[in-house]
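# Structural characterization, general
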Amino acid sequence: MPLPTSATAPFCPSEVAGSIVVPAHLPWWKKALRFAGPGLLVSVGYMDPGNWATDIEAGSRFGYRLLFVVLLSSLAAIVLQCLAARLGIATGRDLAQLSRDRYATTVGRIQWGLAEISIISCDLAEVLGSALAFKLLFGVSLPVGVALTALDTFLVLGLQGRGFRRVEAIVLGLVGTIGLCFVVQLFLIGPDWGAVAAGFVPSLHAVSTTEPLYLAIGILGATIMPHNLYLHSSIVQTRAVSGASGKLAALRLTRIDTICSLGLALLINAAILVVAASAFHGTGRTDVADIGDAYKLLAPIAGTTVAAIAFAIGLFASGQSSTFTGTIAGQVIMDGFLRLKIPCWQRRLITRGLAIVPAFIGVWVMGDRAVGELLVASQVVLSVQLPFAMYPLIRFTSQRDLMGEFVNTRPVALVAWLLFVVISAANVWLVAQVFGLA
């Protein structure tokens, strides 16, 4: 069968816009199920191997103390993703398209470049996570594992011409796998649930010194992915919506989808930290900061290899999930900023190729320790990109001439701008610490 020469469904959002019909006569819960999916695709970015690295180190070094940071970061993510969905539904256009039309060409091209870097950085984390999972599960070397990640292009080819719901169903399976793996680990390790509950209570004392504060900002930087804001504003348009009343109903149902999906991501991130806190910090191993080390130590601590195997399977599912979201986000950004569409398999090959090169060089030169160091580096790069996506999103959703009756209320706008200031300042501090500037 010849390779496709044009952008095709389901990975090109413009090809599947309005393709999912939601009949008006359906009861609300069936409508909610029809609207469920976009939030799930976005949630994938909130439980990638970059999050695993920061959560494992935080749990190992500080126990349950930084659980509240995971909670607050996830709440901030919910606010921003709801704004992205609101923008797409209210205007019928995505963040990339609006940025192209409302900013100077040079500014738009800079935004496009930064968005592409964020996708590649996120994909780098997925490559490293999948490569490490291949090594843990099948015993292959890291360079071989990195090379094997290129094969996911065949998944994109195999789904060409399929409906968007098929992609959502596959991602649901991957996210469900991650969740199930951590349920198994929690059951085997048996954390102190009272201490877990106490960890969710915000505490300035818990981040009063440099080390926990650094990790807290690392968790924040690893949580909110800039390209997810572009992605979400586009894929919500796969549902057929018409009229002001239809848009209002869509906003409500999409909000449910977003909150539930990112709530699941919150639980998984919290579970990663809880597992690390129980298995490592609770047994005196406060020096575990590497995913590979965590895998090796889980079996003897839990008393069974099942915990370690579940850990590796969850890591593999986490790494593979970006195959779909990275491809779709890349198409959204290219189409939105450049009015350019290419075959989806080419988009996947380009993104994965640009991620594989630094991953392969890193593991070849530095060996196993490259995984941890490159994961941290990828999260720093993502942190730098985030304000450049947040600013236009908050600005556009606060403009009445663009949003009409769906414009941000004053309290929502105030919370959004406050998040922009706090997250930007935190990311600047994180980058300064990494490069020794502070």
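Residues numbered from 1 in each chain as written. Predicted model: local features only at pLDDT ≥ 70, side-chain atom pairs only at ≥ 80, totals over all residues. Heavy atoms only, no water.

## Remarks on the overall build of the chain
Along the backbone of the chain there are 21 helices and zero strands. Its C-alpha atoms give the chain a radius of gyration of 21 Å, within 12% of the compact-globule value 22 Å for 438 residues. The C-alpha extent of the chain, read off along each of the three principal axes, is 60 × 55 × 50 Å. Expressed as a percentage of the 438 residues in the chain, the buried residues total 59%. In the chain, the proportion of contacts linking residues at least 24 apart, taken out of those at least 6 apart, comes to 85%. Just so you have it, the chain exposes about 17200 Å², and 68% of that area is on carbon and sulfur atoms. Treating the 29 positive side-chain charges of the chain as one cloud and the 22 negative ones as another, the clouds have centres 11 Å apart. (Helix = DSSP H or I, 4+ residues; strand = E, 2+ residues; numbered from the N terminus. Rg over C-alpha atoms; globule rule 2.2 N^0.38 Å. Buried < 20%, exposed > 50% of the residue type's maximum accessible area, 1.4 Å probe, protein only. Contact = heavy atoms within 4.5 Å. Areas by Shrake-Rupley, 256 points an atom, 1.4 Å probe, with all protein chains shown as cover. Lys, Arg positive; Asp, Glu negative; His and termini not counted. Charge placed at Lys NZ, Arg CZ, Asp CG, Glu CD.)

## Thoughts on the packing of helix 6 (residues 95-102) against helix 19 (residues 369-397)
Where helix 6 meets helix 19, the axes come as close as 11 Å, and the angle between the chain directions of the two elements is 85°. As judged from the angle between their axes, helix 6 and helix 19 are roughly perpendicular. Side by side, helix 6 and helix 19 meet where L95, L98, S99 and R102 of the first sit next to A389, P392, L393 and F396 of the second. Considered class by class, the residues forming the contact of helix 6 with helix 19 number six nonpolar, one polar and one charged. (Axes fitted to C-alpha atoms, helices over the stretch in contact; angles between N-to-C directions. Parallel < 35°, antiparallel > 145°, perpendicular 65-115°, else oblique. Nonpolar A, V, L, I, M, F, W, Y, C, P; charged D, E, K, R; others polar.)

## Some remarks on the packing of helix 7 (residues 105-138) against helix 19
The relative placement of two packed helices is expressed as an angle between their axes plus a distance between the axes. Viewed as axis vectors pointing N to C, helix 7 and helix 19 meet at an angle of 150°, and their least axial separation amounts to 9 Å. When the interaxial angle is binned, helix 7 and helix 19 end up roughly antiparallel. Note on packing geometry: the crossing formed by helix 7 with helix 19 is left-handed. Across from Q111, L114, I117, S118, S121, C122, L124, A125, L128 and L132 in helix 7, the residues of helix 19 making contact are V371, L374, L375, S378, Q379, V381, L382, Q385, F388 and P392. The class makeup of the residues in the contact of helix 7 with helix 19 is 14 nonpolar, six polar and no charged. (Left-handed = near helix turned anticlockwise from the far one by under 90°.)

## A word on the environment of D94
With respect to the helices and strands, the residue D94 is situated in the loop between helix 5 (67-91) and helix 6. In this structure D94 comes out as buried when scored by relative accessible area, which is 5%. Taking the C-alpha atoms as reference points, D94 and Y230, 136 residues apart in sequence, are found 6.6 Å from one another. Once residues lying within four places of it in the same chain are set aside, the contact partners of D94 are Y230, S233, S234, Q237 and V332. A distance of 3.0 Å separates a polar atom in the side chain of D94 from the backbone nitrogen of A96. (Polar contact = N/O pair within 3.5 Å; in protein donor to acceptor, adjacent residues only side chain to side chain.)

## Considering helix 6
Along helix 6, six of the eight residues are buried, which leaves the element largely enclosed by surrounding structure. Those residues of helix 6 lying buried are L95, A96, Q97, L98, S99 and R100. A side-chain oxygen of the first residue of helix 6 lies 3.0 Å from the backbone nitrogen of A96; this N-cap is D94.

## Observations concerning a nonpolar patch on the surface
A contiguous nonpolar surface patch, about 550 Å² in accessible area, is contributed by V357, F360, I361, W364 and V365. Given the relative accessible area of 64%, V365 is considered exposed. (Patch = residues over 30% accessible without salt bridge, like charges linked within 9 Å, V, L, I, M, F, W, Y side chains within 5 Å. Salt bridge = Lys/Arg side-chain N within 4 Å of Asp/Glu carboxyl O.)

## A word on the pattern of salt bridges
Under the counting rule described, the total for this entry stands at eleven salt bridges. Between D401 and R102 there is a salt bridge, with the nearest N and O atoms lying 3.8 Å from each other. Of this pair, D401 sits in helix 20 (residues 400-403) while R102 is found in helix 6, placing the two residues 299 residues apart along the sequence. In this structure D401 comes out as exposed when scored by relative accessible area, which is 64%. Here E116 and R347 are joined by a salt bridge, their closest N and O atoms 2.7 Å apart. Separated by 231 residues along the polypeptide, E116 in helix 7 and R347 in helix 18 (residues 344-366) bring together distant segments of the chain. Residue classification places E116 among the buried residues on the basis of a relative accessible area of 10%. One salt-bridge network, held together by shared partners, links R93, R100, D101 and R339.

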